[in-house]
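# Observations on the three-dimensional arrangement
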Amino acid sequence: MAYDVLYLDAARDTLAPSSFLFCTMAIYAIGDIQGCARSLERLLALIRFDPSVDRLWCVGDLVNRGPDSLRVLRYLKQLGPSAQVVLGNHDLFLLAVAEGIVSLRSKDTIQDILAADDRTELIDWLKRQPLHHHEGAYFMVHAGLLPQWSVDDAGRLAREVERTLAGPESRTFLQALFHGNAPQWSASLTGYERLAAITRALTRLRTCTAEGALSGFSGSPNDAPYGHLPWFHMPNRRSSDHTILFGHWAALGLHIESNLLGLDSGCVWGRQLTAIRLNDRQVFQVEYADDRGRG
Ligand SMILES: [Mn+2]
């Protein structure tokens, strides 16, 4: 890839010759941050993340429940093209609160963003982030894909939502997502119900019923009701030809299979924040390092 060479050339001027061999672009995919800024900073130090060379992929739920959502959002925004994020359910919740569509609940910790001087810029940036990222053999999404969706299907459906969220009908869409009907996905859905069903699957899916519908279960896969399977173990899942990166399921924990990287290791619950270097699948983890109390 051409940009590999460019990065190497740029790095040659600044690094000692002994470091040169180690200086190739790395992509680190990291799990749900949820406002745990100190844990994020520790993890970035551990992997020696260098935004001039490396890329950081985030599976969404950047904010909420942790103590420092504002610091996390500002950091990721200023990374520019070095960061690739996809939106999670908590990120969409922040957008809905910012639009005055839903109210904060007692567990929410996004007040710092809502009160920030740069609130408008942060919210505008967040609205323009995608729900999916497809690059080569990888497909990143916050929660999962319905079994009948290929990655191309999911990408096309996600783009319908992304265009609306970034456009003038953003508020109407969020209203429908948080207050409208919640039908299961069907290809015959139209309008905002269609966009809401797509969004719910991409940002909330954990287990599917035998019929392939999203079920509400959120515990450990071992405790799932009879006949309910993790979305990624559904028979004949059409996205299995790509490596899917996802988060959202803290009770699942870090989950690695040849074509699956589940990255929510429960940082905001006091467990770990995880990064996987995609180049060689090296796993990096830090223990929860944020203050307790506000979450
Ligand atoms: Mn989530």
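Shown above is the structure to which this text applies.
Since we're looking at a predicted model, the values are computed, not measured.

### Side note on helix H3 (residues 69-78)
Three or more residues of H3 are buried, namely Ser69, Leu70, Val72, Leu73 and Leu76. Angular distribution of buried residues about the axis of H3 spans 165°; they occupy a single face of the element. Each element contacted by the buried residues of H3 is listed here: helix H2 (37-46), strand S2 (55-58), strand S3 (83-85), helix H5 (111-114) and helix H6 (119-127). Looking one or two residues past H3, Gly80 carries a phi angle of roughly 60°, positive in sign.

### A word on the nonpolar core
Within soluble globular proteins, side chains that are nonpolar generally end up buried alongside one another. Of all hydrophobic cores here, the largest spans 78 residues; its most connected members are Ala29, Ile30, Cys58, Leu94, Val141, Ile198 and Leu245. Leave out the neighbours within four places in its chain, and Leu94 touches Val63, Asn64, Ile110, Ile113 and Leu126.

### Here we look at the pairing of strand S1 (residues 27-30)
In summary, the side chains of a regular strand alternate between the two faces of the sheet. Where S1 and S2 come together, four bridges link them in parallel fashion. Among the inter-strand pairings, Tyr28 is bridged to a residue of S2, identified as Leu56. Following the chain from S1 across H2 to the adjacent parallel S2, one finds a crossover that is right-handed. Examined bridge by bridge, S1 and strand S11 (residues 272-277) share three bridges and lie antiparallel to one another. By the bridge assignment for S11, Ala29 is matched with Ile276.

### A short note on the environment of His179
Inspection of the secondary structure puts His179 in helix H8 (residues 170-179). Under the C-beta neighbour-count criterion, His179 is labelled exposed, with 12 such atoms within 10 Å. Along the sequence, His179 and Ile101 sit 78 residues apart, while their C-alpha atoms lie 8.5 Å from each other.

### Details of the sheet that holds S11
What the five strands build is an open sheet, ordered S3-S2-S1-S11-S12; its pairing is mixed. Of all strands in the sheet, those with a lone pairing partner are S3 and strand S12 (282-287), marking the two edges. With direction set aside, neighbouring strand axes in the sheet form an average angle of 20°. On top of the sheet, H2 reaches S1, S11 and S12; it is set at about 140° to S12, its chief contact.

### Quick notes on the packing of helix H4 (residues 89-98) against H6
In contact at an axis separation of 10 Å, H4 and H6 are set at 130° when each is read in the N-to-C sense. When the axes of H4 and H6 are compared, the pair comes out oblique. When the axes of H4 and H6 are compared, the crossing they make is left-handed. Every residue of H6 that contacts H4 at Asp91, Leu94, Leu95 and Ala98 is listed here: Ile123, Leu126 and Lys127. When its residues are assigned to classes, the contact of H4 with H6 shows five nonpolar, no polar and two charged.

### So, the sheet that holds strand S5 (residues 138-141)
Spatially, five strands are ordered S4-S5-S8-S10-S9 in an open sheet, and the strand pairing comes out mixed. With one partner strand each, in any of the chains shown, strand S4 (132-135) and strand S9 (255-257) form the two edges of the open sheet. Averaged over neighbouring strand pairs, the angle between their axes works out to 10° when direction is ignored. Sheet contacts for helix H7 (residues 151-165): S4 and S5; angle to S4, the most-contacted strand, approximately 135°.

The rules behind each value
- Residues numbered from 1 in each chain as written.
- Predicted model: local features only at pLDDT ≥ 70, side-chain atom pairs only at ≥ 80, totals over all residues.
- Buried ≥ 20, exposed ≤ 12 C-beta atoms within 10 Å, placed from the backbone.
- Helix = DSSP H or I, 4+ residues; strand = E, 2+ residues; numbered from the N terminus.
- Arc of directions from axis to C-beta.
- Contact = placed C-beta atoms within 7 Å.
- Core = buried A, V, L, I, M, F, W, Y, C linked by C-beta atoms within 7 Å.
- Pairing = 2+ DSSP bridges.
- Right-handed = clockwise from strand over helix to strand, strands pointing away.
- Axes fitted to C-alpha atoms, helices over the stretch in contact; angles between N-to-C directions.
- Parallel < 35°, antiparallel > 145°, perpendicular 65-115°, else oblique.
- Left-handed = near helix turned anticlockwise from the far one by under 90°.
- Nonpolar A, V, L, I, M, F, W, Y, C, P; charged D, E, K, R; others polar.

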